[in-house]
Amino acid sequence: MKKVSFAAILITTGLFVLLSCGPKESTDLTLTSFIPQPVSVEATGHAFKLNSSVTVYYEENVDGLEQTARYLAAELSRITGENFNVESANVTPRSGIFLSVTTDDNDLGMEGYFLSIGKKLVGIKAKSTAGCFYAAKTFLQTLPVKVAAGETLTIPTGTIRDF
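Conventions adopted
Residues numbered from 1 in each chain as written. Predicted model: local features only at pLDDT ≥ 70, side-chain atom pairs only at ≥ 80, totals over all residues. Heavy atoms only, no water. Phe/Tyr/Trp six-rings, centres within 6.5 Å; stacked < 30°, edge-to-face > 60°. Helix = DSSP H or I, 4+ residues; strand = E, 2+ residues; numbered from the N terminus. Buried < 20%, exposed > 50% of the residue type's maximum accessible area, 1.4 Å probe, protein only. Contact = heavy atoms within 4.5 Å. Polar contact = N/O pair within 3.5 Å; in protein donor to acceptor, adjacent residues only side chain to side chain. Salt bridge = Lys/Arg side-chain N within 4 Å of Asp/Glu carboxyl O. Pairing = 2+ DSSP bridges. Right-handed = clockwise from strand over helix to strand, strands pointing away.

Enquirer: When you look at the packing of aromatic side chains in this model, what are you seeing that I'm missing?
Expert: What characterises a pair of aromatic rings is the spacing of the ring centres plus the angle enclosed by the ring planes. Per the counting criterion, the structure on display carries two aromatic pairs. A centroid spacing of 5.3 Å and a plane angle of 45° characterise the contact between Y71 and F133, whose relative ring orientation is tilted. Taken together, the residues Y71 in helix 2 (residues 65-80) and F133 in helix 3 (residues 129-140) connect sequence positions 62 residues apart. Look at Y71 and you get partly exposed, because its relative accessible area is 23%. Aromatic pair F133 and Y134: ring centres 5.9 Å apart, planes at 65°, arrangement edge-to-face. For Y134, a relative accessible area of 37% puts it in the partly exposed group.

Below you can see the structure in the form of structure tokens.
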């Protein structure tokens, strides 16, 4: 009888330990499978928390950029079941997702992009709205296909360049 109760306690304790240790969310962006594979992917080992309080911003006065921002917000809504605000901005916000067009990086080409995922801000920079669209599509590949409404997603931080 003592052997049976000891075994039952041991099994119960083992199951409790196994079930309480859920899978740890990866914070290594380089483990994400991207299609097509970007030119470079670097991880920083932290996480960006995506929830309904995140706003998708786009640079003011750039033709077509609002459409890309609205597309990204709609896809985030489809995945999470939450609504995401879309707003224009003339300066880089402190947090959220910010799409902008730059002329500073000659390596990018007209359809290339630089995607920076930080702990508080996801920055999408490209030479054109097409590049911003491709960066948004790449960013979406860091997310699961669908999650429960209200669930906060943890996205690995780092940088991605493609051209």
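Enquirer: It is not clear to me how the environment of N51 should be interpreted in this structure. Could you clarify?
Expert: With respect to the element layout, N51 can be found in the loop between strand 1 (40-50) and strand 2 (56-59). Judged by its relative accessible area of 26%, N51 is partly exposed. Between the C-alpha atom of N51 and that of E151, which follows or precedes it by 100 residues, the distance is 7.1 Å. Beyond its immediate sequence surroundings of up to four residues, N51 is in contact with F84 and T152. A distance of 2.5 Å separates a polar atom in the side chain of N51 from a polar atom in the side chain of S53.

Enquirer: How should I be thinking about the pattern of salt bridges in this particular structure?
Expert: Close approach of charged atoms allows side chains with opposite charge to pair. Taken as a whole, this structure holds three salt bridges when the rule is applied. One salt bridge in this structure joins R161 and D105, with 2.7 Å as the shortest N-O distance. Of the two residues, R161 is situated in strand 7 (residues 153-162) and D105 in the loop between strand 4 (96-101) and strand 5 (113-117); the sequence distance between them amounts to 56 residues. The exposure classification of R161 matches that of D105, with both residues buried.

Enquirer: Explain the pairing of strand 2 here, please?
Expert: Within a regular strand, the side chains alternate between the two sheet faces. Looking at chain direction, strand 2 and strand 3 (residues 86-89) are connected through four bridges and run parallel. Looking across to strand 3, one finds that E59 is bridged to A89. One crossover worth recording links strand 2 to the parallel strand 3 by way of helix 2, and it is right-handed. In this sheet, strand 4 lies alongside strand 2 in parallel orientation, the contact comprising three bridges. Its bridge partner lying in strand 4, Y58 is registered against L99.

Enquirer: It is not clear to me how the side chain of D105 should be interpreted in this structure. Could you clarify?
Expert: At 3.2 Å, the side chain of D105 forms a polar contact with the backbone nitrogen of D107. Within the local environment of D105, its side chain forms a polar contact with the side chain of R161, the two groups lying 2.7 Å apart. Excluding residues within four positions of it along the chain, D105 makes contact with K127 and R161.

Enquirer: Teacher, can you tell me more about unusual backbone geometry here?
Expert: Across the chain, the bulk of peptide bonds are trans and the bulk of non-glycine residues have phi less than zero. For the peptide bond that leads from I35 to P36, omega is -5°, which places it in the cis range. Within the secondary structure, P36 sits in the loop between helix 1 (2-20) and strand 1. Even without glycine at this site, N61 takes up a positive phi of about 60°. Along the chain, N61 falls in the loop between strand 2 and helix 2. The class of N61 is exposed, set by a relative accessible area of 77%.

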